[in-house]
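Each chain, written out:
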Amino acid sequence: INGSDSCAFVLVDADKPVGVLFAIAFEHPFGPVIMSKDSLWWIEPTARRLDHANAMLDVYEAWAATFGVVHPGISGLGKDPRVLKLLERRGYVVADTNCIKRAS
């Protein structure tokens, strides 16, 4: 991690790393708003529990708030509807759908 505007949080369960969240805070290029966005949020499938996800989001949101971020961004990639429900319960709304083209 390079710079004070980025973070890496590691979720540890029973002395074993089971999750990671990388994020960055930045000024939006089209207006004077400080944003935050994750570039990676992963919890091992065997460790995917509500308390683990909430703990990671709590730390991320608190970190983002130190930069003045009011609306932190987080990705819930994949097709698991539980992730979207979790984020909606925490006040997140779908703002975008990102796609990436596979290499041919």
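Refer to the structure above for everything that follows.
Numbers given to residues run from 1 along each chain, matching the order in which its sequence is written. Totals for whole chains, interfaces and linings use all residues, but because this is a predicted model, local features are given only for residues with pLDDT of at least 70 and pairs of side-chain atoms are given and counted only at 80 or more. Excluded from the side-chain calculations are hydrogens and water; all other atoms, namely the structure's heavy atoms, are used.

Description of the pattern of salt bridges
Two side chains with opposite charge may pair up if their charged atoms get near one another.
Piece 1. Here a salt bridge means any side-chain nitrogen of Lys or Arg lying within 4 Å of a carboxyl oxygen belonging to Asp or Glu. Within the structure shown, the criterion is met by five salt bridges.
Piece 2. Note that Arg49 and Asp51 form a salt bridge whose closest N and O atoms lie 2.9 Å from each other.
Piece 3. Of the charged contacts, one joins Glu61 and Arg90 as a salt bridge, the two residues approaching to 3.0 Å between their closest N and O atoms. Of this pair, Glu61 sits in helix H1 (residues 50-65) while Arg90 sits in the segment after helix H2 (81-89), placing them 29 residues apart in sequence. Put simply, DSSP marks the helices as runs of H or I at least four residues long and the strands as runs of E at least two long, and each gets a number from the N terminus on.

Regarding the pairing of strand S2 (residues 16-27)
Piece 1. At least two bridges found by DSSP between two strands are what make those strands a pair. Note: strand S1 (residues 6-13) against S2, eight bridges, orientation antiparallel. In the sheet register, Ala8 faces S2, and the bridge partner there is Phe22.
Piece 2. Between S1 and S2, which pair antiparallel and follow one another directly, the connecting turn spans two residues, one of which, Ala14, has a positive phi of 55 degrees.
Piece 3. The pairing of S2 with strand S3 (residues 34-43) spans nine bridges and is classified as antiparallel. Residue pairing in the sheet places Leu21 in a bridge with Trp41 of S3.
Piece 4. In this antiparallel pair of consecutive strands, S2 and S3, the connection spans six residues.

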